[in-house]
Amino acid sequence: MYSHYVIVLDWATEDDESVDIVGVFHTLDDAKEKFEKYVVEEKQLARDNGYDIETDNGQIFDAGIMGCWRDNHITLYIQGVN
């Protein structure tokens, strides 16, 4: 069992890239609740950019352009930490 849960946003476009900490939570349920709010915008961005969705399971959202993933992707995920 982890003591904290971090929501991480890793993204890249052909012009820019970043890895951001969206939030830190004490319980997985709190992290999942906030994840569901953040993922709505990321899904819309993925659709707007024509990204293929690779994973969407409530704790990981991963989308991008196949063959150009490094330069065109959105990955939002929950990471447990001690």
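Preceding this paragraph is the structure being described.
Not measured: the values here are computed from a predicted model.

Let's shift gears to the overall build of the chain. Along the chain, the regular secondary structure elements total one helix and five strands. Across the chain, helices and strands are ordered from the amino to the carboxyl terminus as β-β-α-β-β-β. Here the C-alpha radius of gyration of the chain, 13 Å, is about what a compact globule of 82 residues would show, namely 12 Å. Counting only C-alpha atoms and orienting by the principal axes, one finds that the chain spans roughly 35 × 20 × 15 Å. Buried positions account for 32% of the 82 residues belonging to the chain. Taking as baseline every contact in the chain between residues at least 6 positions apart, the subset at least 24 positions apart corresponds to 44%. Accessible surface, the chain as shown: approximately 5300 Å² in total, 47% of it carbon and sulfur. Each charge class in the chain was averaged separately, 6 positive and 18 negative side chains, and the resulting centres sit 7 Å apart.

Here the focus is the pattern of salt bridges. Throughout the structure, instances matching the rule amount to one salt bridge. Lysine 43 is paired through a salt bridge with aspartate 56; the nearest N and O atoms lie 3.0 Å apart. Highlighted residues: lysine 43 in helix H1 (residues 28-48) and aspartate 56 in strand S3 (residues 52-56), separated in sequence by 13 residues. Judged by its relative accessible area of 22%, lysine 43 falls in the partly exposed class.

Spatial strand order, S2-S1-S5-S4-S3: five strands in an open sheet with antiparallel pairing. Among the strands making up the open sheet, the edge pair consists of strand S2 (17-25) and S3. Taken pair by pair, the neighbouring strands of this sheet meet at an average axis angle of 20°, ignoring direction. As judged from the eight bridges shared by strand S1 (residues 4-12) and S2, these two strands associate in the antiparallel manner. Among the inter-strand pairings, tyrosine 5 is bridged to a residue of S2, identified as phenylalanine 25. Helix-sheet contacts for H1 involve S1, S2, S3, strand S4 (60-64) and strand S5 (73-81), and the interaxial angle to S5 is about 175°.

What follows concerns the environment of isoleucine 65. When you line up the elements, isoleucine 65 lands in the loop between S4 and S5. Apart from residues no more than four positions distant in its own chain, isoleucine 65 is found in contact with Asn49, Tyr51 and Asn72.

What counts and how
- Counting from 1, residues in each chain are numbered in the order their sequence is written.
- Two thresholds apply to this predicted model, a pLDDT of at least 70 for residue-level local features and 80 or more for giving and counting side-chain atom pairs, whereas whole-chain, interface and lining totals are computed over all residues.
- The basis for every side-chain value is the complete set of heavy atoms in the structure, and neither hydrogens nor water enter the calculation.
- Labels follow the DSSP assignment, with helices taken as runs of H or I lasting at least four residues and strands as runs of E lasting at least two, numbered in each case from the N terminus.
- It is over C-alpha atoms that the radius of gyration is taken, and the globule rule equals 2.2 Å times the number of residues to the power 0.38.
- When accessible area is computed with a 1.4 Å probe and restricted to protein chains, residues below 20% of their type maximum are described as buried, those above 50% as exposed, and intermediate ones as partly exposed.
- Only heavy atoms enter the contact rule, under which two residues are in contact if any of them lie within 4.5 Å.
- Residue exposure ignores everything except the shown protein chains as possible cover, and the areas themselves are Shrake-Rupley values with a 1.4 Å probe.
- Neither His nor the chain termini are counted; the positive set is Lys and Arg, and the negative set is Asp and Glu.
- For this purpose, a charge sits on NZ of Lys, CZ of Arg, CG of Asp or CD of Glu.
- Basic side-chain nitrogens of Lys or Arg form a salt bridge, by our definition, when they fall within 4 Å of a carboxyl oxygen of Asp or Glu.
- Here a strand pair is declared whenever DSSP counts at least two bridges between the two strands.
- Axes here mean lines fitted to C-alpha atoms, for a helix over just the part in contact, with angles spanning 0 to 180 degrees between N-to-C directions.

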